[in-house]
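If you want the building blocks of each chain, they are given just below.
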Amino acid sequence: MIKVGNAPCSWGVLEFELEGETAGYEQFLKELKDTGYEGTELGDWGYMPTDPAQLRQELTSREIDLVGAFVPVALCDEKAHAEGIEVGVKTAKLMADAGFKDAFIVLADNNGTVPARTKAAGRVTPDLLLPEEGWKNVRAGVEAFARQVRDKTGLRTVFHHHCAGYVETPGEIERLLMDTPADALGLVLDMGHYRFGGGYPEAAIKLFWDRIQHIHYKDCSAAVAAASREKGWDYFESVQNGVFCELGKGVVDFEAITQEIRRRNYEGWIVVEQDVLPGMGSPVDCARRNREYLKGLGL
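Per an unreviewed UniProt entry, the chain is named Xylose isomerase, and its organism is Alkalispirochaeta sphaeroplastigenens.

*Asks:* Tell me what's going on with the nonpolar core, and back it up with residues and numbers.
*Replies:* Of all hydrophobic cores here, the largest spans 69 residues; its most connected members are Met 48, Met 191, Tyr 217 and Ile 261. Among the elements that make up this core, the one with the highest residue count is helix H3 (residues 81–97) (six residues). Other than its neighbours up to four places away in sequence, Tyr 217 contacts Met 191, Leu 247, Phe 254, Ile 257, Thr 258, Ile 261, Ile 270, Val 271, Val 272, Glu 273, Leu 294 and Leu 299. Counting residues in each nonpolar core, the second largest holds 14 residues, with Cys 163, Phe 196, Trp 233 and Phe 244 among its members.

*Asks:* Explain the sheet that holds strand S6 (residues 186–190) to me, and be specific about the residues and the numbers.
*Replies:* One closed barrel holds the eight strands; their spatial order is S1-S2-S3-S4-S5-S6-S7-S8, and the pairing between them is parallel. Between one strand axis and the next, the sheet turns through 30° on average, direction left out of account. In the sheet, strand S3 (residues 65–73) pairs with strand S4 (residues 104–109) via six bridges, with the strands oriented parallel. Counted as the bridge partner of Gly 68 is Phe 104 from S4. Sheet strands touched by helix H12 (residues 283–296): strand S1 (3–6), strand S7 (212–217) and strand S8 (269–272). Its angle to S1, the strand with the most contacts, is close to 165°.

*Asks:* Let's hear about the packing of helix H5 (residues 132–153) against helix H6 (residues 170–179): which residues, and what values?
*Replies:* Two packed helices can be described by the angle between their axes and the distance between those axes. The interhelical angle for the contact between H5 and H6, taken along N-to-C directions, is 55°, at an axis separation of 10 Å. Here H5 is positioned oblique relative to H6, judged by the angle of their axes. For the pair H5 and H6, the crossing hand works out as right-handed. Together, Glu 132, Trp 135, Val 138, Arg 139 and Val 142 of H5 and Glu 172, Arg 175, Leu 176 and Asp 179 of H6 make up the contact between the two elements. Looking at the contact of H5 with H6 residue by residue, the class counts come to four nonpolar, no polar and five charged.

*Asks:* How would you explain the pattern of salt bridges if you had to name every residue and give the values?
*Replies:* For the structure shown, the criterion picks out 21 salt bridges. Between Lys 30 and Asp 34 there is a salt bridge whose closest N-O contact spans 2.7 Å. Of this pair, Lys 30 and Asp 34 both sit in helix H1 (residues 25–34), four residues apart, which is roughly one turn of the helix. Under the relative-accessibility criterion, Asp 34 is labelled partly exposed at 46%.

Thresholds, definitions, all that
- Residues numbered from 1 in each chain as written.
- Predicted model: local features only at pLDDT ≥ 70, side-chain atom pairs only at ≥ 80, totals over all residues.
- Heavy atoms only, no water.
- Core = buried A, V, L, I, M, F, W, Y, C linked by side-chain atoms within 4.5 Å.
- Buried < 20%, exposed > 50% of the residue type's maximum accessible area, 1.4 Å probe, protein only.
- Helix = DSSP H or I, 4+ residues; strand = E, 2+ residues; numbered from the N terminus.
- Contact = heavy atoms within 4.5 Å.
- Pairing = 2+ DSSP bridges.
- Axes fitted to C-alpha atoms, helices over the stretch in contact; angles between N-to-C directions.
- Parallel < 35°, antiparallel > 145°, perpendicular 65-115°, else oblique.
- Left-handed = near helix turned anticlockwise from the far one by under 90°.
- Nonpolar A, V, L, I, M, F, W, Y, C, P; charged D, E, K, R; others polar.
- Salt bridge = Lys/Arg side-chain N within 4 Å of Asp/Glu carboxyl O.

What follows is the structure, encoded as structure tokens:
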């Protein structure tokens, strides 16, 4: 059984310090429920209540499940690992203590913080890849993070490849999965980031299926991606110009993807993510149209 959720990032609630107003969590949860979604991700620490009992009340009173929480860590910097693990364990403990023991920690590289990679999001060239020492730190950081979260809270960790971070391209994703143990780390396949990062999600499903534990449905506008390459936009300019468009308006073949994951008996969550910057558009209207689109696919 596939369940469908959405996330605060679709309402402009992002991990970056950006100007602009966003919906408070109560408005977000109301609009999430009103537009037909069953679950959500947590958002940044402090966006939703950090008291487990209050968090559970806010969600269960609206019949909304908690699917996971996004935690970015500067993985290539060994000195950042301890603090990242601390945040990951704290976040996982909050979700577990609130009764959401099947929720994921969604680990990512601390995207948007390395200027060269932020500038080149969607068009990474070989000279921008991490050197071997950096990969050594990434491997060690990812495995230590996932094992600490599991040992201290019982929750699983899935890795989120992300544009403007050090694990963006199909090759970087494949290397990370080859270098990390399957019993410690799963993958969240984000269709839009994978497409903008230079790959085809349909191929990724077949290539990485044994590691995929969670799925994000995000679309990618070919026209905006092409303009980003031509004009040299950075990641935030690409997002502001709508590179992650409404479902069905980009180039991701969600019909084929949905058929494939059903054929493989996927029984997890699909979380819609239409990353927008604070104040962009009308998130509730986009969420409603995205939900209607998925209903058309039988989801």
